[in-house]
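In case you want the letters, here they are:
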Amino acid sequence: MRKFLGLLLALAACSSPDNSTQTSQANTNACRPPAPFTIKHPAWATNASLYQVNVRQYTPEGTFRAIEPHLARLQKMGVGILWLMPVQPIGVAKRKGKLGSQYSLRDYRSVNPEFGSMADLQHLIGEAHKLGMHVILDWVANHTSWDSKLSQEHPDWFTKDAKGHFVPPVADWQDVIDLDYRKPALRQYMTESMAFWVKTASFDGFRCDVAGLVPTDFWDATRAELEKTKPVFMLAEWDELHDPPFLPKGTFTPHTHLLEKAFDATYALKLHYLLDSIAQGKKPAAALPGYFATERKMYPAGVYLMNFTSSHDVNSWDNPEDVRLGKDALPMAVLTTLLPGIPLVYSGQEAASTKKLRFFDKDTIQWSRYSREQFYTTLLQLKKTNPALRNGDACAKFTILPAPTGCFAFERATADGKARVLVVTNLSEQPQQFQRPTGAANFTDAFASASGPVQEPQLQLPPHGWRVLVAQQ
């Protein structure tokens, strides 16, 4: 007899906080999470996916201009938001490697000449905007390089040890020094610097490095200030469900409240490491329903996280996804793209690059023939066009379905059930059969070459395979 997970988890919340009558809106969702979650997401992020651009390693030239020829294919692939790693000059003092960390900033308001000029950056963002994509900037608010402009002009804005010396925020981060957010002048400068990039370069928001190490009230006030210029998208590198290993034991707080007023999304770090553990045989696929129950206990429906199988940190420090996840690299990409949350694709994943990129030196991505571009196009275009996969839809339904051992299955649907996506992944070494729910609508297979309806009541799943069925409307 087959063993089933046996857990059915339906998540939906269709009431407005003020009990007012809901109204339908084109390409957006009328339902909202309850207070204190008051973020108003930009409309263009509703069906968006993220794509992280490692400017230094993206091309042999490593410049803004050299990225531009890639924009059309990224737009065709379904990318909605481009995330550029930090573009500012890098410190020299205590630099790691030849080129240094892109997170050791020397000047918040100028461009790293390694990448080009301000005009080059403006042109890149303008070209992305023409293609309907938006662009966010990686922002490092927690620390600067030792020889930063701020350390020279405002040394009182930094944390000091008992002898009055600058200190790193984390023991291993010896190339940077910690900023002190008890200083009102620092807060004003940092907010004005972020607004500078929105106004000067037309960035559409920020990915904020180690956001939980910076006071949440700073982020709250800064988001409100940025919104005076235009709607922005804010992504925090943090997860209230995950205790970062770099923090001293006992110092992590699970209640930073970053998603209430400041950020559209934070990292799904706990999920990321769980997927790694499942692929490496350390935990079973049966652990996934428990994770989602924990996530929903922390966050109400409509509050979402960023799902990913790779990033600049993961690639350089933990290994590329094919090395870490092995045969589960593709089915887990299916999960991270189609589960509730906003998905991320990192530079080179569409080319199946297995190169572990050096972090502090030039190390160009192996692009080969973009062997997984069609795979990601299928996923990201489905995410972009199907209403059941909207980001932040508090009325939507997310149902975890009973599945064979080693498998994980779920359905996402709009509140009215007119749009439905059924996802089944086999994370085991054995072929499996998945019994489709009775009374199911007519579905087509998103990955099939033909578009006819799927007739079989039992879906055949090869080892490490997947099926993605889309309801006919």
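Residues numbered from 1 in each chain as written. Predicted model: local features only at pLDDT ≥ 70, side-chain atom pairs only at ≥ 80, totals over all residues. Heavy atoms only, no water.

A. Geometry of the packing of aromatic side chains. Enumeration over the complete set of coordinates arrives at 31 aromatic pairs. With a centroid separation of 5.4 Å and an interplanar angle of 35 degrees, the aromatic rings of Tyr108 and Trp139 are classed as tilted. Here Tyr108 is found in the loop between β3 (81-84) and α4 (118-130), whereas its partner Trp139 is found in strand β4 (residues 134-139), with 31 residues between them in sequence. Here Tyr108 matches Trp139 in class, with each residue buried. Ring geometry for Trp317 against Phe360: centres 5.9 Å apart, planes inclined by 50 degrees, an arrangement best described as tilted. With Trp317 in helix α11 (residues 312-318) and Phe360 in the loop between β11 (342-346) and α14 (373-385), this pair connects stretches of sequence that are 43 residues apart. The class for Trp317 is partly exposed, based on a relative accessible area of 47%. Among the residues examined, Phe360 registers a relative accessible area of 18% and is labelled buried. (Phe/Tyr/Trp six-rings, centres within 6.5 Å; stacked < 30°, edge-to-face > 60°. Helix = DSSP H or I, 4+ residues; strand = E, 2+ residues; numbered from the N terminus. Buried < 20%, exposed > 50% of the residue type's maximum accessible area, 1.4 Å probe, protein only.)

B. Inspection of the pairing of strand β8 (residues 233-236) at higher detail. Taking every second residue as pointing to the same face, both faces of β8 are buried, with Phe233 and Leu235 on one and Met234 and Ala236 on the other. The sheet contact formed by strand β7 (residues 205-208) and β8 spans four bridges and is parallel. In the strand pairing of β8, Phe206 is matched with Met234. The parallel pair β7 and β8, bridged by helix α7 (residues 216-226), forms a crossover whose chirality is right-handed. In this sheet, strand β9 (residues 265-267) lies alongside β8 in parallel orientation, the contact comprising two bridges. Residue pairing for β9: Ala236 is matched across the bridge by Thr266. (Pairing = 2+ DSSP bridges. Right-handed = clockwise from strand over helix to strand, strands pointing away.)

C. Examining α4 more closely. Taking 1.5 Å of rise per residue, the 13 residues of α4 would be expected to cover 18 Å, and the 18 Å separating its terminal C-alpha atoms lies within 8% of that figure. Listed in full, the buried residues belonging to α4 are Asp120, Leu121, Leu124, Ile125 and Ala128. With its buried residues spanning 130 degrees around the axis, α4 presents them on a single face. Where α4 is buried, its residues contact α2 (64-67), α3 (71-77), β3, β4 and α6 (184-201). Of the residues trailing α4, Gly132 is marked for its positive phi of about 85 degrees. (Expected span 1.5 Å × (residues − 1). Arc of directions from axis to C-beta. Contact = heavy atoms within 4.5 Å.)

D. Inspection of the pairing of β11 at higher detail. Across the five residues of β11, five count as buried, placing the element largely inside the fold. Burial along β11 is two-sided: Ile342, Leu344 and Tyr346 and Pro343 and Val345, pointing in opposite directions, are all buried. When strand β2 (residues 50-53) meets β11, the two strands line up parallel, connected through three bridges. Looking at β11, one finds that Gln52 is bridged to Tyr346. The pairing of strand β10 (residues 304-307) with β11 spans two bridges and is classified as parallel. Residue Asn307 lies in a different strand from β11, and its bridge partner there is Pro343.

E. Main features of unusual backbone geometry. Residue Pro36 is reached from Ala35 by a cis peptide bond, and omega for that bond is 15 degrees. As for its position among the elements, Pro36 is in the loop between β1 (9-11) and β2. Backbone geometry at Val210 places phi at a positive 30 degrees, although glycine is not the residue there. Topologically, Val210 is positioned in the loop between β7 and α7. On the basis of relative accessible area, Val210 is assigned to the buried category, the value being 3%. Located in the positive-phi region is His464, a residue other than glycine, with phi close to 60 degrees. Considering the arrangement of structural elements, one finds His464 in the loop between β17 (458-461) and β18 (466-471).

F. Structural view of the packing of α4 against α6. It is at 10 Å that the axes of α4 and α6 come closest, and there the two elements cross at 70 degrees. Classed by the angle they form, the pair α4 and α6 counts as roughly perpendicular. Only Phe196, Trp197, Thr200 and Ala201 of α6 make contact with α4, whose side of the interface consists of Met118, Leu121, Gln122 and Ile125. Here the contact of α4 with α6 is composed, by residue class, of six nonpolar, two polar and no charged. (Axes fitted to C-alpha atoms, helices over the stretch in contact; angles between N-to-C directions. Parallel < 35°, antiparallel > 145°, perpendicular 65-115°, else oblique. Nonpolar A, V, L, I, M, F, W, Y, C, P; charged D, E, K, R; others polar.)

G. Inspection of the environment of Ala236 at higher detail. Within the secondary structure, Ala236 is located in strand β8. Given the relative accessible area of 0%, Ala236 is considered buried. Separated by 24 residues in sequence, Ala236 and Gly212 place their C-alpha atoms 7.8 Å apart. Leave out the neighbours within four places in its chain, and Ala236 touches Cys208, Ala211, Leu258, Phe263, Ala265, Thr266 and Tyr267.

H. Main features of the pattern of salt bridges. Scanning the model with the defined rule gives 24 salt bridges in all. For the salt bridge of Arg187 with Asp217, the shortest nitrogen-to-oxygen distance reads 3.1 Å. Of the two residues, Arg187 sits in helix α6 while Asp217 sits in helix α7, which places them 30 residues apart along the sequence. What makes Arg187 partly exposed here is its relative accessible area of 22%. (Salt bridge = Lys/Arg side-chain N within 4 Å of Asp/Glu carboxyl O.)

I. Spotlight on α6. For α6, built from 18 residues, the straight-helix expectation of 26 Å at 1.5 Å per residue is met to within 8% by its first-to-last C-alpha distance of 26 Å. Of all the residues in α6, the buried ones are Leu186, Tyr189, Met190, Thr191, Ser193, Met194, Ala195, Trp197, Val198 and Ala201. On the buried face of α6, the contacting elements are α4, β4, α5 (149-153), β7, α7 and β8. Following α6 by one or two positions, Ser202 has its phi on the positive side, about 70 degrees.

The values reported here are purely geometric and, on their own, carry no functional implication.
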